[in-house]
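Read off the chains here:
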Amino acid sequence: MKVSRAELRHVELPMVFPFETSFGRESVKACLLVRLFADGLEGWGEVPAAHAPLYNEETVGTAWHILETFILPLILGRDIGHPRDFPPLVRHLRRHYMAKAGVEAALWALYSQAARLPLAAALGGTRTRVAVGVSVGIEPTIDALLARIEAFLGQGYRRIKIKIKPGWDVDVVKAVRRAFGAIVLQVDANSAYSLAQTEIFQAMDASELLLIEQPLGEDDIVDHAHLQAQLRTPICLDESIVTPADARKAIGLGSCRVINIKAARMGGLSAGVATHDLCLSAQIPVWCGGLLETGIGRAANLALASLPNFVFPADLSASSRYFREDLIAPPVTLNPDSTITVPSDPGLGVHVIAERVDRHTVRRAVFPQ
Ligand code: OSB
Ligand code: MG
């Protein structure tokens, strides 16, 4: 694939309702879209960085800078045989995993389209449908949260994840259990606690959660190992795992018993597949996380989640859970059994609606300029 041209877009898409986590509240989804042209084809990838460096250190601004100044010049005019040849080209650029992941996703879209393969098959996926759940943000009151969950259960979601933070944790989990009984329930703290707050998680052990996601610091797999040793409930790491080697070390230390894979957090789909394979050999179940992606990033996540060791339900919900209008057709929809069908057409397998992308673009540049 000879990459002749690249386009970068900063898009902003209004969300159907704000999404609040321990680190902040988002009501407009911001991200970058990468569009690559090669051999008469085009491929799209998403960089799910936000306005501010709150989930991780990247932002739409830093990703734009790194892509424009360092990454795109390395691939423009270059013949890239396979998407897996891309990570070695940018390995010397430290971190900036989301920026790299957007380009790699676009290369996978191009490659699988040229090979006449659905992206899922190109990645080694085996499932035609992926079990999914919904991630429910922090709400102003417990009643508002319960109403939100009731609506999602009514829509057919069979796994609920709630966001927690200090002051919005044990009692909230208990209230959800009381209201909905034995639903599949998990929590996500997005690094909001320290080891000094171990009792809070011990108190949650009684609530039979599927897992507790990223309770402690994003850079601290040592404290997570201390916490896991004192809990019955499995800890799942999200922010802490940015390379396959991080997964190996966290598993070795006993820092977690489950891993949330987000390819974008890890520099691309290849790193996501490598982490999946490593966890499979270590008998650590994984599931596919999300970063409120538009349909473009979601389609790639769905393809990844079709690999065999993605055993817990994914944080991939229908387009309508996030946006009034998604950027793709058809939109992502939920099947009655709380699954989403993996696109089966060649490439990304979804149509990008150019007019909608244009309407939501706030900044655009083409390279070479
Ligand atoms: O930690 O999983 C997370 C959204 C933004 C940033 C971080 C996270 C999330 C989610 C949303 O939980 C998952 C989704 O895309 O539905
Ligand atoms: Mg998380």
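Rules used in this analysis
- Residues numbered from 1 in each chain as written.
- Chains lettered and ligands numbered in written order.
- Predicted model: local features only at pLDDT ≥ 70, side-chain atom pairs only at ≥ 80, totals over all residues.
- Heavy atoms only, no water.
- Donors = N, O, S within 2.8 Å, 3.2 Å for Na, K, Ca; no water.
- Helix = DSSP H or I, 4+ residues; strand = E, 2+ residues; numbered from the N terminus.
- Buried < 20%, exposed > 50% of the residue type's maximum accessible area, 1.4 Å probe, protein only.
- 1 Å grid on protein atoms, 1.4 Å probe; cavity = no way out; pocket = protein on both sides within 12 Å on 5 of 7 lines; lining within 4 Å.
- Points joined across faces, edges and corners; volume = space filled by probe spheres on them.
- Nonpolar A, V, L, I, M, F, W, Y, C, P; charged D, E, K, R; others polar.
- Polar contact = N/O pair within 3.5 Å; in protein donor to acceptor, adjacent residues only side chain to side chain.

## Details of the coordination of the magnesium ion (ligand 2)
- For the magnesium ion (ligand 2), every protein donor is listed as Asp-188 (OD), Glu-213 (OE) and Asp-238 (OD), and the spread of their distances is 2.0 to 2.3 Å.
- Summarised as a motif, the one-chain spacing of the donors to the magnesium ion (ligand 2) is D-x24-E-x24-D. Taken together, the residues Asp-188 in strand E7 (residues 184–188) and Asp-238 in the loop between strand E9 (235–237) and helix H9 (244–253) connect sequence positions 50 residues apart.
- Asp-238 gets classed as buried once you look at its relative accessible area, which sits at 0%.

## A closer look at empty space enclosed by the protein
- Under the criterion given, the structure shown has one cavity of 30 Å³ or more.
- There is about 140 Å³ of room inside the largest cavity.
- Considering the residues around the largest cavity, the lining is formed by 16 residues, among which Glu-46, Ala-105, Ala-264, Ala-300 and Asn-301 are closest to the centre.
- For the lining of the largest cavity, the residue count by class is 10 nonpolar, four polar and two charged.

## Quick word on the side chain of Arg-9
- Mapped onto the elements of the fold, Arg-9 is located in strand E1 (residues 3–21).
- The class for Arg-9 is buried, based on a relative accessible area of 5%.
- Within the structure, the side chain of Arg-9 is placed 3.0 Å from the side chain of Asp-358, a separation counted as a polar contact.
- Of the polar contacts made by the side chain of Arg-9, one reaches the side chain of Thr-361; its length is 2.8 Å.

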